[in-house]
Amino acid sequence: MSATLIAQIIDGKEASARLKDAVAAAVADLKAKHNIVPGLATVLVGEDPASQVYVASKNKTAHALGMNSRQITLPADAPEADVLALIQKLNADPDVHGILVQLPVPKHIDSFKVITTTSPSKDVDGLHPESAGRLVAGGEALVPCTPMGCVMMAKDVLGDLSGLHAVVVGRSNLVGKPVASLLLNENCTVTIAHSRTKDLAAVCRTADILVAAVGRKEMIRGDWIKPGATVIDVGINRETQADGKNKLFGDVHFAEASQVAKFITPVPGGVGLMTVACLMVNTLKACVTQNGITNVVVPMRLPPRK
Ligand code: GUN
């Protein structure tokens, strides 16, 4: 009989603080050498409470790291043409280096049009087809923030990922597909699994690195996990409790999985915090690239623990 493993928790708060410190230092270096301050513009259409919290956190973090940031809020019934015109205005604004339109947008607005109207050079969400294409085909690209955070966390605990089998559960443009590309670029053997995958549990059980991005509360159980695996849980599933309070759950059954995995990210307190820190990396990177600057180092991995 093998002894029960208790997983080490990958602390998103601690990891994101390390990354944010490195970004703040680079922002200060950029200001000192070139007198340029990275500028982020976030766009929120409507009043979705969760989106309001996310956007506020993005603006607050940008300010805390020494960047400029402004939030533009449009009413939920804003015509699509107004949203696209705003993006074009931001595309042309030299003080704005990064543009993020919080998703989802209201149903009458075509999110693909929103994404493709954003200039690829300012696409800090990494969702433009040009950014997605560059990620797959090679070349410099702004990559989506949550996938970037997932891979940084995996590399932080595992070091070199070469040759490891990564199973990504979920195939969204926002997480599943880009995280699979990033892991492939790290020389992992990558399987993308999804709702139609036959015997999903058995596929997950082959993963050295399991990335869960399905959006279903605690779908991935302890016996789906290979002993000693690294589990990265991207799920943010909200559930109202009997006391009326909202509680967050991951896509992974944490209590079970943490008895089997070697490393695991919690929800909340895991990947979500890294997403915001990676948006700061992308805003700095967009600013440096747009200005042709080569003597400021953009942190592309987590600095070592002190
Ligand atoms: N909504 C949930 N996650 C994201 C994200 O990473 N970017 C944007 N723009 N909207 C989101």
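Structural notes, computed from the coordinates. All figures in this text were calculated on a predicted structure; none of them were measured in a lab. (Residues numbered from 1 in each chain as written. Predicted model: local features only at pLDDT ≥ 70, side-chain atom pairs only at ≥ 80, totals over all residues. Heavy atoms only, no water.)

Quick look at the overall build of the protein
In terms of helices and strands, the protein carries 10 helices and 11 strands. Against the globule reference of 19 Å for 306 residues, the protein gives a C-alpha radius of gyration of 19 Å, in line with a compact fold. Across the protein, contacts joining residues at least 24 apart in sequence account for 69% of those joining residues at least 6 apart. As displayed, the protein offers around 14300 Å² of accessible surface, 55% of which is attributable to carbon and sulfur atoms. (Helix = DSSP H or I, 4+ residues; strand = E, 2+ residues; numbered from the N terminus. Rg over C-alpha atoms; globule rule 2.2 N^0.38 Å. Contact = heavy atoms within 4.5 Å. Areas by Shrake-Rupley, 256 points an atom, 1.4 Å probe, with all protein chains shown as cover.)

Remarks on the sheet that holds strand 5 (residues 165-169)
Two orientations exist for strands paired in a sheet by backbone hydrogen bonds: parallel and antiparallel. Taken in spatial order, the six strands make up an open sheet running 1-11-8-7-5-6, and their pairing is parallel. On the outer flanks of this sheet lie strand 1 (8-9) and strand 6 (189-193), each paired with one strand and no other. The sheet contact formed by strand 8 (residues 230-233) and strand 11 (residues 263-264) spans two bridges and is parallel. What sits directly across from Val231, in strand 11, is Ile264. Together, strand 7 (209-212), strand 8 and strand 11 form the strand contacts of helix 6 (residues 145-158), whose direction differs from that of strand 8 by roughly 155°. (Pairing = 2+ DSSP bridges. Axes fitted to C-alpha atoms, helices over the stretch in contact; angles between N-to-C directions.)

Remarks on the side chain of His97
The topology assignment puts His97 in the loop between helix 3 (80-92) and strand 4 (98-101). On the basis of relative accessibility, which here comes to 4%, the residue His97 falls in the buried class. If we ignore the near neighbours within four places in the chain, the residues touching His97 are Ile36, Val37, Pro38, Gly39, Ser121, Lys122, Thr283, Ala286, Cys287, Gln290 and Asn291. (Buried < 20%, exposed > 50% of the residue type's maximum accessible area, 1.4 Å probe, protein only.)

Some thoughts on the pattern of salt bridges
Within the structure shown, the criterion is met by 13 salt bridges. Arg134 is the salt-bridge partner of Glu130, the closest N and O atoms lying 3.4 Å from each other. With Glu130 and Arg134 both in helix 5 (residues 129-137), this residue pair falls four residues apart, about one helical turn. Where Lys217 meets Glu239, a salt bridge forms, and the shortest distance between an N and an O atom there is 3.3 Å. Of the two residues, Lys217 sits in the loop between strand 7 and strand 8 while Glu239 sits in strand 9 (residues 237-240), which places them 22 residues apart along the sequence. What makes Glu239 partly exposed here is its relative accessible area of 31%. What emerges from the salt-bridge pattern is a single network uniting Glu14, Arg18, Asp156 and Arg305. (Salt bridge = Lys/Arg side-chain N within 4 Å of Asp/Glu carboxyl O.)

What about the nonpolar core?
Membership of the largest hydrophobic core comes to 57 residues, with the highest contact counts inside it found for Leu183, Val211, Met280 and Leu284. Tallying contributions element by element places helix 10 (residues 271-290) first for this core, with 12 residues. Contacts of Leu284, omitting those with residues within four sequence positions, involve Val23, Ala26, Val27, Leu30, Pro38, Met67, Val298 and Pro299. Counting residues in hydrophobic clusters, the runner-up holds 22 residues, among them Val167, Val169, Ala212 and Val260. (Core = buried A, V, L, I, M, F, W, Y, C linked by side-chain atoms within 4.5 Å.)

Some remarks on the site of the ligand
Taken together, Leu100, Val101, Gln102, Leu103, Asp125 and Leu174 form the complete shell of residues around the ligand. Measuring from a nitrogen atom of the ligand, one finds a backbone N or O atom of Leu103 at 2.9 Å. Residue composition of the shell around the ligand, grouped by class: four nonpolar, one polar and one charged. (Near = heavy atom within 4 Å. Polar contact = N/O pair within 3.5 Å; in protein donor to acceptor, adjacent residues only side chain to side chain. Nonpolar A, V, L, I, M, F, W, Y, C, P; charged D, E, K, R; others polar.)

Re the packing of helix 6 against helix 10
At a minimum axis separation of 8 Å, helix 6 and helix 10 run at an interaxial angle of 110°. One way to sum up the angle between helix 6 and helix 10 is to call them roughly perpendicular. Of helix 10, the residues touching helix 6 (which contributes Cys145, Thr146, Met148, Gly149, Cys150, Met152 and Met153) are Val271, Met274, Thr275, Cys278, Leu279, Val281 and Asn282. Classifying every residue of the contact of helix 6 with helix 10 by side-chain character gives 10 nonpolar, four polar and no charged. (Parallel < 35°, antiparallel > 145°, perpendicular 65-115°, else oblique.)

Overview of the state of the cysteines
A covalent bond bridging the sulfur atoms of two cysteines is what the word disulfide describes. Counted according to the given criterion, the structure contains zero disulfides. This cysteine, Cys150, is not joined by any disulfide, and Cys278 carries the nearest cysteine sulfur, 8.7 Å off. Here Cys287 is not cross-linked by a disulfide; its sulfur's nearest cysteine counterpart is in Cys145, at 16 Å. On the basis of relative accessible area, Cys287 is assigned to the buried category, the value being 0%. (Disulfide = S-S within 2.5 Å.)

Points about unusual backbone geometry
Cis peptide bonds are those with omega within 30 degrees of zero, and the linkage from Leu103 to Pro104 qualifies with 0°. Within the secondary structure, Pro104 is located in the loop between strand 4 and helix 4 (111-117). The omega angle of the peptide bond from Val267 to Pro268 is -5°, so this bond is cis rather than trans. At Asn187, a residue that is not glycine, the phi angle is positive and equals roughly 70°. Among the secondary structure elements, Asn187 is positioned in the loop between helix 7 (176-185) and strand 6.

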